[in-house]
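The residues making up each chain are set out below.
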Amino acid sequence: FVASDPSALAGQEMEIFFLTNGEVAYLQRGKKPLFFNKKGISIQKNGNFQNLPESAIAKGKFEHFMLKEIFEQPRVIKDSLVDRYDEKNQTVCFPEITFDQKIFQEVSNILIIACGTSWHAAYIGAYVLEQYTNIPTRAEIASEFRYKHTVIAPKTLVIVMSQSGETADTIAGLREAKRQKAVTLAFCNVKGSTIDREADSTLLLRAGPEVAVASTKTFTAQVMLLLLLTLKLARERSVMNEEQGRLFFHKLYELPEQVAEVLENRDAIQALAKKYAKKEDFFFLGRGLLYPTALEAALKIKEIAYINATGYPAGEMKHGPIAFLDEEVPVVIFLASGSLHQKIMSNLMESKARKSPVIAISWKQFEKDIEKHVDDIIWIPKTDDMLSCIPVTVVTQLFAYFMAKERNRNIDQPRNLAKSVTVE
Ligand code: M6R
């Protein structure tokens, strides 16, 4: 069999050979394949055994892969934690990292390179990493990074994030980082992909194959890895003590239940989508790490429902976009932050004053503050501020999904999009 992705061969127990650029495989019926390098010289290649079950790429009881993948997220969160808790030292272990982990003590900067949804996860990671480790961190869009002559400072850790591991711009970013001799760490869902092979080390997302073009569970898996890396760095550099490390883990272990609670609310989210299905423009507003969360919410609704949606930092609305608001433009606002609550409340009032229908995704504790001012509310369980991006995202994934369903879109394969963007 010849395939562009190992998951095409799910359900078959077989040896898989990955070709790198320029290599050629010569196949003959009933014979072992022969391999040649780009100069035409015969080479030996080692295969990897795979036995991905067919169920991993079947829809099961779900109508679409996207819905199935949204519902897999409690499992994905649990899997991201398996064997990673070093209870003795209240830290994280990443045995799969093969480069010298001394870099975690020495690193002066962190640069995260990614595209699309992976970039949104990266952006969330940049907020969390900087806040909890005190290491200057930034997230760059790979297609910008590759052409802007960024000078990577010495002792920078470069993290390259890609679900597929085959995104052309992200690969180019990785190669540029390597050219500048940075240590590179990939977060990737596909073992054997180009990014997995070329980065110095890889942390696999353990999300299982993601079939729907719109990324959902891999976003969550990426955020989980970034949170774990944050804890690892904070403990290595003694920015967090043992007790704080223990508490951090405790909060992560609570997440699967909290996400399951959001999923149980699917009917309320579907009803909301029905109510707003005819609207053509949406704003998603958040502050702090709920700002990149708003970017992701807007991307999801654009790509699968083909509705114009803008994710914006709530405090920036008054610098222009607020002029666009009126009764035809719903504003979805995220009230899931303890530290920024009063600030986001004033942005909620600004939107209401422009007559926009306001939909809150909120913690119950803010009920009294908001009930008189909003048109609709989806409650989510209370988490720590740093984790609220995950339950909020799950609500917006379901909202986008049901909006797309209302509009009869091709949910798993939206027009003009591909799962792996292997071209510039
Ligand atoms: O495979 P990657 O994570 O590198 O893909 C990056 C983007 O192409 C991808 O996230 C895209 O934005 C998705 N369609 C989002 O749902």
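Thresholds, definitions, all that
- Residues numbered from 1 in each chain as written.
- Predicted model: local features only at pLDDT ≥ 70, side-chain atom pairs only at ≥ 80, totals over all residues.
- Heavy atoms only, no water.
- Helix = DSSP H or I, 4+ residues; strand = E, 2+ residues; numbered from the N terminus.
- Buried < 20%, exposed > 50% of the residue type's maximum accessible area, 1.4 Å probe, protein only.
- Polar contact = N/O pair within 3.5 Å; in protein donor to acceptor, adjacent residues only side chain to side chain.
- Contact = heavy atoms within 4.5 Å.
- Pairing = 2+ DSSP bridges.
- Right-handed = clockwise from strand over helix to strand, strands pointing away.
- Disulfide = S-S within 2.5 Å.
- 1 Å grid on protein atoms, 1.4 Å probe; cavity = no way out; pocket = protein on both sides within 12 Å on 5 of 7 lines; lining within 4 Å.
- Points joined across faces, edges and corners; volume = space filled by probe spheres on them.
- Nonpolar A, V, L, I, M, F, W, Y, C, P; charged D, E, K, R; others polar.
- Axes fitted to C-alpha atoms, helices over the stretch in contact; angles between N-to-C directions.

Caption draft 1: Geometry of the side chain of glutamate 303. Checked against the element boundaries, glutamate 303 lands in helix 11 (residues 290–305). The class for glutamate 303 is buried, based on a relative accessible area of 14%. A polar contact of 3.2 Å, which involves the side chain of glutamate 303, links it to the side chain of lysine 300. Residue contacts for glutamate 303: discarding those within four places in its chain leaves Ala214, Ser215, Pro414 and Leu417.

Caption draft 2: Structural context of the pairing of strand 16 (residues 358–363). Most of strand 16 is tucked away, with 6 of its 6 residues classed as buried. A two-sided burial pattern is seen for strand 16, the buried positions comprising Val358, Ala360 and Ser362 on one face and Ile359, Ile361 and Trp363 on the other. As paired strands, strand 15 (residues 331–335) and strand 16 are joined by 5 bridges and run parallel to one another. Looking across to strand 16, one finds that isoleucine 333 is bridged to alanine 360. The parallel pair strand 15 and strand 16 is bridged by helix 12 (residues 341–353), and the resulting crossover is right-handed. In terms of strand pairing, strand 16 meets strand 17 (residues 376–380) through 5 bridges, oriented parallel.

Caption draft 3: Summary view of the state of the cysteines. Taken as a whole and assessed by the stated rule, the structure comprises 0 disulfides. With no disulfide of its own, cysteine 115 lies 13 Å from the sulfur of cysteine 188, the closest cysteine sulfur.

Caption draft 4: Spotlight on the layout of surface pockets. There is about 430 Å³ of room inside the second largest pocket. Along its surface, the second largest pocket is lined by 23 residues, and Cys115, Gly116, Thr117, Lys419 and Val421 are the ones closest to its centre. Secondary-structure elements contributing two or more residues to the lining of the second largest pocket are helix 4 (116–133), strand 10 (156–162), helix 6 (168–179), helix 8 (217–236) and helix 11. Tallied by class, the residues present in the lining of the second largest pocket amount to 8 nonpolar, 11 polar and 4 charged.

Caption draft 5: Representation of the sheet that holds strand 8 (residues 109–114) in the model. With parallel pairing, 5 strands are arranged side by side in an open sheet as 9-8-10-11-12. The open sheet is flanked by strand 9 (137–141) and strand 12 (201–204), the only strands paired with a single partner. Direction aside, the axes of adjacent strands within the sheet are offset by 20° on average. Pairing analysis gives 5 bridges linking strand 8 to strand 9, with the strands arranged parallel. Across the sheet, the residue bridging to isoleucine 110 is threonine 137, located in strand 9. Here helix 4 sits on the sheet and contacts strand 8, strand 9 and strand 10; the angle it forms with strand 9, its principal contact strand, is near 170°. On the sheet, helix 6 packs against strand 8, strand 10 and strand 11 (183–188) and is oriented at approximately 165° with respect to strand 10.

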